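Residue-level listing of the chains:
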Amino acid sequence: MILSSFFKALGQFNDPRFRRVLLLGVGLTVVLLIAATAGFLMLIQWLAGDSTQVWLIGEVRWLDDLLGWTGLLAMMVLSIFLMVPVASAITSMFLDDVAQAVEDRHYPSLPKATKVPLGDAIRDTVNFLGILIGANLCAFIFYVFFPPLIVFIFWAVNGYLLGHEYFQLAAMRRVGRARAREIRKANRGRIWLAGSLMAVPLSVPLVNLLIPILGAATFTHIFHALKDR
């Protein structure tokens, strides 16, 4: 069931709605990171001023330039690490369109699904991003004590989180948040395993940007398979 759902999702990746969500996620992420960098540099410029008094040196007029270039370099390096989680979080706000595209093609007889309100989508996205970052920071403890198992720990932690998030997204459109949680708990093993499949390519640059879309599509198929059972 998991592999069948995965390959169905992969076969639909040329869907225009899939591409739209991908471009929205990546585009908004780039804009957000550029805006954050510009704001950080403006803050440095405001704090440093045109000149600064340095003890034993006197008036310094080049400190703002030094801090500005250093801040720019730091933000560029930081953006490399933030690109994927931020893009995934922003993309998650539009994954309802991905689920709808899957249902339009594979389950055309279904009635119109209940669209998740934008406010709820933003709240769920922020919560998921926080949990994702927090869980991976906690996982570093296990990385230190069990270095040979780093890859498997990474897959297990992120597989659980991705399975939880994307199944919940697909299910609550049809059966509501509470019932979606019940179905997820009753099938947590399958959902965790499917999430781990999504977690494997997370460490591959550029490919990891596709995971939110592929995950949402895959778990839409999985939800309908479990519901029918």
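Residues numbered from 1 in each chain as written. Predicted model: local features only at pLDDT ≥ 70, side-chain atom pairs only at ≥ 80, totals over all residues. Heavy atoms only, no water.

Draft legend 1. Inspection of the packing of aromatic side chains at higher detail. Summed over the entire model, instances satisfying the criterion amount to six aromatic pairs. With a centroid separation of 5.3 Å and an interplanar angle of 70°, the aromatic rings of Tyr160 and Trp192 are classed as edge-to-face. Taken as a pair, Tyr160 in helix H6 (residues 150-186) and Trp192 in helix H7 (residues 188-199) lie far apart in primary sequence, 32 residues in all. Relative accessible area serves as the criterion here: at 40%, Trp192 is assigned to the partly exposed category. The interplanar angle of 70° and the centroid separation of 6.1 Å between the aromatic rings of Phe167 and Phe223 together place this pair among those described as edge-to-face. Of this pair, Phe167 sits in helix H6 while Phe223 sits in helix H8 (residues 211-228), and the two are 56 residues apart along the sequence. (Phe/Tyr/Trp six-rings, centres within 6.5 Å; stacked < 30°, edge-to-face > 60°. Helix = DSSP H or I, 4+ residues; strand = E, 2+ residues; numbered from the N terminus. Buried < 20%, exposed > 50% of the residue type's maximum accessible area, 1.4 Å probe, protein only.)

Draft legend 2. Region of interest: the side chain of Thr218. Assignment of secondary structure puts Thr218 in helix H8. For Thr218, a relative accessible area of 1% puts it in the buried group. When residues no more than four places from it in sequence are discounted, the contact partners of Thr218 are Ser5, Phe6, Ala9 and Met198. (Contact = heavy atoms within 4.5 Å.)

Draft legend 3. Expanded view of the environment of His164. Of note, His164 is situated in helix H6. Accessibility expressed as a relative area gives 29% for His164, which makes it partly exposed. Sequence separation between His164 and Gly195 is 31 residues, and the spatial gap between their C-alpha atoms is 7.8 Å. Excluding residues that lie within four positions of it along the chain, His164 makes contacts with Arg184 and Ile191.

Draft legend 4. Region of the structure containing a nonpolar patch on the surface. Together, Ile141, Phe142, Val144, Phe145, Phe146, Leu149, Ile150, Val151 and Phe152 give the surface a local cluster of nonpolar side chains, amounting to about 920 Å² of exposed area. The biggest single contributor to the nonpolar patch is helix H5 (residues 118-145), with four residues. Examined against the element boundaries, Leu149 turns out to sit in the loop between H5 and H6. The partly exposed category is assigned to Leu149, whose relative accessible area is 42%. (Patch = residues over 30% accessible without salt bridge, like charges linked within 9 Å, V, L, I, M, F, W, Y side chains within 5 Å. Areas by Shrake-Rupley, 256 points an atom, 1.4 Å probe, with all protein chains shown as cover. Salt bridge = Lys/Arg side-chain N within 4 Å of Asp/Glu carboxyl O.)

Draft legend 5. The pattern of salt bridges, seen in detail. Under the defined criterion, the tally for this structure stands at seven salt bridges. The closest approach of N and O atoms between Arg17 and Asp15, which form a salt bridge, is 3.9 Å. Residue classification places Arg17 among the partly exposed positions, given a relative accessible area of 31%. In this structure, Arg173 engages Glu103 in a salt bridge whose closest nitrogen and oxygen atoms are separated by 3.1 Å. Residue Arg173 is located in helix H6, and its partner Glu103 is located in helix H4 (residues 95-106); the two are separated by 70 residues in the primary sequence. Taken individually, Arg173 and Glu103 each receive the classification buried, so the pair is uniform in this respect. Overlapping salt bridges bring together Asp96, Glu103, Arg173 and Arg174 as one network.

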